Amino acid sequence: MASPTATGPEAGLRERKKQRTRAALHAAAMRLFAERGYEATTVADIAAAADVAPRTFFAYFPVKEDVVYAAYEQKLTRFDELLASRAPGTTAVDALRTWITELADDPPLTLDEEELIARLTGEHEALAE
């Protein structure tokens, strides 16, 4: 079962564009965090690297910390959607099984991405909360 936020023919042009912008912001942020460090990277830097206005960043991520965990947030949001929209008679365990099956189809984070997230979380208290 494809998620409603999946990229593909089932997603409209507007939704696909939003997904590309969000992905570009996330990729730019992670690259800049790796190169410059978390504190030295501003939202304006991230927006410029993604070729969007700084206020566009805030349309996708309320605070800079949120961009670090974007991949996890989308996965957890999908689980919430599955729980909320399950058909009568479908248990939470059934929804969990569906979610895990979907996760298996998602591309995993690279080792570099996981290591960067772990490093940033260890270095910055605001990210560890």
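Each remark here, short or long, concerns the structure printed above.
Residues numbered from 1 in each chain as written. Predicted model: local features only at pLDDT ≥ 70, side-chain atom pairs only at ≥ 80, totals over all residues. Heavy atoms only, no water.

Participant: Hey, could you run me through helix 5 (residues 70–84) in this one?
Facilitator: Given 3.6 residues per helical turn, the α-helix brings residues three or four places apart onto the same face. Taking 1.5 Å per residue as the helical rise, helix 5 with its 15 residues ought to reach 21 Å, and the 21 Å between its terminal C-alpha atoms agrees with that figure. Burial in helix 5 covers these residues: Ala 70, Ala 71, Arg 78, Phe 79 and Leu 82. The inward-facing, buried residues of helix 5 abut helix 1 (13–36), helix 4 (64–68) and helix 6 (92–105). (Helix = DSSP H or I, 4+ residues; strand = E, 2+ residues; numbered from the N terminus. Expected span 1.5 Å × (residues − 1). Buried < 20%, exposed > 50% of the residue type's maximum accessible area, 1.4 Å probe, protein only. Contact = heavy atoms within 4.5 Å.)

Participant: Could you clarify how one ought to interpret the packing of aromatic side chains in this entry?
Facilitator: Given two aromatic rings, their pairing is described by the distance between the two centres and the angle made by the two planes. Under the definition given, this model contains four aromatic pairs. An angle of 40° between the planes, with centres 5.4 Å apart, marks the rings of Phe 57 and Phe 61 as tilted. Through successive ring pairs, a cluster of aromatic residues spans Phe 57, Phe 58 and Phe 61. It is Lys 64 that lies over the ring of Tyr 38; its NZ or CZ is 4.2 Å from the centre. (Phe/Tyr/Trp six-rings, centres within 6.5 Å; stacked < 30°, edge-to-face > 60°. Lys NZ or Arg CZ within 6 Å of the ring centre and 35° of its normal.)

Participant: Please clarify how the packing of helix 5 against helix 6 should be interpreted in this entry.
Facilitator: When two helices pack together, their arrangement is given by the angle between the helix axes and by the axis-to-axis distance. Contact geometry for helix 5 and helix 6: axes closest at 9 Å, N-to-C directions at 145°. Along this stretch, helix 5 crosses helix 6, giving a crossing that reads as right-handed. In this structure, helix 5 uses Lys 75, Leu 76, Arg 78, Phe 79, Leu 82 and Leu 83 to contact helix 6, whose residues at the interface are Ala 92, Ala 95, Leu 96, Thr 98, Trp 99, Glu 102 and Leu 103. When grouped by side-chain class, the residues that make up the contact of helix 5 with helix 6 number nine nonpolar, one polar and three charged. (Axes fitted to C-alpha atoms, helices over the stretch in contact; angles between N-to-C directions. Left-handed = near helix turned anticlockwise from the far one by under 90°. Nonpolar A, V, L, I, M, F, W, Y, C, P; charged D, E, K, R; others polar.)

Participant: I would appreciate a short explanation of the packing of helix 1 against helix 7 (residues 111–123) in the present structure.
Facilitator: One can describe the packing of helix 1 onto helix 7 by two numbers: an axis separation of 11 Å at closest approach and a directional angle of 65°. Along this stretch, helix 1 crosses helix 7, giving a crossing that reads as left-handed. Packed against helix 1, whose contacting residues are Met 30, Phe 33 and Ala 34, the element helix 7 presents Leu 116, Ile 117, Arg 119 and Leu 120 at the interface.

Participant: Can you walk me through a negative patch on the surface in this structure?
Facilitator: Together, Asp 112, Glu 113, Glu 114 and Glu 115 give the surface a local cluster of negative charge. Tracing the chain through its elements places Glu 113 in helix 7. (Patch = residues over 30% accessible without salt bridge, like charges linked within 9 Å, V, L, I, M, F, W, Y side chains within 5 Å. Areas by Shrake-Rupley, 256 points an atom, 1.4 Å probe, with all protein chains shown as cover. Salt bridge = Lys/Arg side-chain N within 4 Å of Asp/Glu carboxyl O. Lys, Arg positive; Asp, Glu negative; His and termini not counted. Charge placed at Lys NZ, Arg CZ, Asp CG, Glu CD.)

Participant: Even after reading the chapter, I still don't get the nonpolar core, so can you show me in this structure?
Facilitator: Counting 19 residues, the largest nonpolar core has Phe 33, Ile 46, Phe 57, Val 67, Val 68 and Leu 120 as its most contacted members. Among the elements that make up this core, the one with the highest residue count is helix 1 (six residues). (Core = buried A, V, L, I, M, F, W, Y, C linked by side-chain atoms within 4.5 Å.)

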